[in-house]
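This is what each chain is made of:
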Amino acid sequence: MSGRFRRFLLGVPRDEEVRRAREQIARDRDALLGDLAADEQAFAAEMRRRERTPHVVVGESLDKVPYRIPLAHLATGRDGEAAHAFYSGSTGSGKTMQAAALVDSILERLVAGAPVAVVVLALQGNFADLVLRALGARLARAPAERRRAVLSQLLTARFFRGATLPEWNILAATPHAPPLVQAGTIAEVLENALGASLGGRQETALTMLLALAIELALPISVLRLCLHEPDVLQDLARRSKEPLVTSYVLNRFARESAATIDGLGSRIDRLLSLDAGIRGALAGPGTIDFARRFEPGAVSALDLSGTPLGAEGARLAISALLVQSLAFAALSAAREVRGHTLLFVDEAQLAFTPATARTLATLLTTVRQFGVGLHFINQSLVQIPRDFVHLLATNIKWRFLGRSGRDDATLSSEFLPRTGRLPKPPSPFGPPSDRLEFQSRAEETEARIAAVGTMPSRHFLVTERAAPFGPREVVARDFNPPSWDALPGDLREALERGASGVPRTELIARARRAEADALARFAASREGDDVGEAPARPARRGRAKGSLPKTPDAITRAARWGRRDGDDS
Ligand SMILES: Nc1ncnc2c1ncn2[C@@H]1O[C@H](COP(=O)(O)OP(=O)(O)OP(=O)(O)O)[C@@H](O)[C@H]1O
Ligand SMILES: [Mg+2]
């Protein structure tokens, strides 16, 4: 006869009932502790194993076990796994510091000569600043020869800060994409970031003109001036090797209305008018070699923080262009993949346009074959397109979830621990249960969501996909790079300038000169002067200085252009 049946027939003495209930509770508790201890042991064992390989430490568990991530896993997953990470948490939860501390650990390896590159794109806040100061601290202690080597590969571009900027002619032809593709991308970025949507017609116009400028190495500020110089544009179009561009400029552009052309001009103006130094940098002639940013030992600090009020559109345009350029370079078949690159984007939501979302999606799903690991840092998931959140969730290896409100915690619920071992809270009504009851899956999720809302800052719930242990609450390691003043003066200067920084004053002067040259050239061509006498810069458009242009003189068409009624061709 079973115990239950006997109890049913004979009843069980009260004392006996209580004793059994106590035993059951003890067994449940042991099982609970056993499960949790097994996970804790699996974590500790895995971390001991990782200690023997090159790794970085991202913090420690509540039991003070350092959480290690093998360096090799950071950029190339095993067997086709993703190697990307996503950090989110409310303001002040410590995301930027957590990511910067990770970058610092990687910089330690990089300075020591490991084949790794780091690209940091900071849309807001002090991420780039922290990383540069951390690099300074590492370099100050490094042998002189390593310091020189790292500084020679450093790119510092603090667009709204600092006294220098690298030249970055956004219309310099890249080896990674044909001019029309590159132009289409830039046109889309300018459209997304700098104004209300262009009509299809304007978009074509902008793409064709940008393609022409790319092909002929015309800086964007000079292209801007050309918009109102139809004859010059036509002369240039005749030099294009791209029949689509030539035909467009000669046959269609002439018929565009003044409103269309003004619309194009205003987009470009919003990019160029934001800051004279940036305009100088964008005017080239030099540009950033984005492929080199993926070479072992390269550090890139791309900083868009400190954006003045009203320049948010420009920040979006610049960051979107940076993302596109980095993506083209990363995914280029021509690039020889050597070592790993870690690409961090802090406040990523500020770089999102439809075009960047597409590019980032492509990166997320394909780039790991190219040895690149992406790290996205975002306050909230609500800020980024839902499709992208989905893609992130399926393509990341690490999820760092800091203190978060209900919406974000709910959107991240698949990364919350689910042990099935969370005791049910005692009911406020009726006698206490004589069994230890666990919460259902739904109840546990609900409780975890609430717990994420009260997590202390610097604490993160870290989920590592395919790890032999479950999600873990990790406390970020203390990170406190030296202040700028604490770094040696020459090192500080080298960090702020990077290997290719040019003083802003010099950039501004150069841009003014290029624009003045272009204007002088236009004036000369209108007056029928020998345009070959124009100063040196325009001579880069495929013609030796002083030689006569091969194309007919622009002036003969000036009168016809004035009518804009389509009989030009
Ligand atoms: N690991 C850490 N070591 C030392 N201080 C920290 C650490 N994490 C956070 N802090 C402190 O908390 C502050 C906020 O951290 P942090 O800037 O990383 O937050 P955040 O989540 O990036 O916030 P926001 O969304 O506003 O950018 C830091 O300025 C620092 O004072
Ligand atoms: Mg931050």
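Note: the structure precedes this text.
In this text the structure is predicted, and so the values were computed from the model without any measurement. (Residues numbered from 1 in each chain as written. Chains lettered and ligands numbered in written order. Predicted model: local features only at pLDDT ≥ 70, side-chain atom pairs only at ≥ 80, totals over all residues.)

*Asks:* I tried to follow the packing of helix α7 (residues 179-194) against helix α14 (residues 312-331) on my own but got confused; where do I start?
*Replies:* Describing two packed helices takes the angle between their axes plus the distance from one axis to the other. Axis separation between α7 and α14 bottoms out at 8 Å; the angle between their running directions is 150°. Taken together, the axes of α7 and α14 are roughly antiparallel relative to one another. Crossing of α7 against α14: the hand is right-handed. The residues of α14 that touch α7, namely those facing Thr 185, Ile 186, Val 189, Leu 190, Asn 192, Ala 193 and Leu 194, are Gly 313, Leu 316, Ala 317, Ala 320, Leu 321 and Gln 324. (Axes fitted to C-alpha atoms, helices over the stretch in contact; angles between N-to-C directions. Helix = DSSP H or I, 4+ residues; strand = E, 2+ residues; numbered from the N terminus. Parallel < 35°, antiparallel > 145°, perpendicular 65-115°, else oblique. Left-handed = near helix turned anticlockwise from the far one by under 90°. Contact = placed C-beta atoms within 7 Å.)

*Asks:* In this structure, what is going on with unusual backbone geometry? I would like to understand it.
*Replies:* Residues apart from glycine generally show negative phi values, whereas peptide bonds are mostly found in trans. Look at Ala 217: it is not a glycine, yet its phi comes out positive at around 55°. Tracing the backbone shows Ala 217 in the loop between α8 (200-215) and α9 (220-226). For Arg 458, which is not glycine, the phi torsion reads 75° and is therefore positive. Among the secondary structure elements, Arg 458 is positioned in the loop between α18 (441-452) and β11 (459-464).

*Asks:* In this structure, what is going on with the sheet that holds strand β3 (residues 84-88)? I would like to understand it.
*Replies:* Within the open sheet, the 11 strands sit side by side as β2-β1-β12-β11-β10-β3-β9-β8-β4-β7-β5. Their pairing is mixed. Where the open sheet ends on each side, the last strands, each with one partner, are β2 (66-70) and β5 (154-158). Between one strand and the next, the sheet's axes are offset by a mean angle of 20°, whatever the strand orientation. Pairing geometry for β5 and strand β7 (residues 299-303), over five bridges, is parallel. (Pairing = 2+ DSSP bridges.)

*Asks:* Looking at this model, I keep getting lost on the packing of α8 against helix α12 (residues 258-272). Mind explaining?
*Replies:* Orientation of α8 relative to α12, taken along the N-to-C sense of each, is 60°, at an axis distance of 10 Å. As the angle between them shows, α8 and α12 are arranged oblique. Considering only the axes of α8 and α12, their crossing is right-handed. From α8, Arg 201, Gln 202, Ala 205 and Leu 206 reach across to α12, where they touch Thr 260, Gly 263 and Leu 264.

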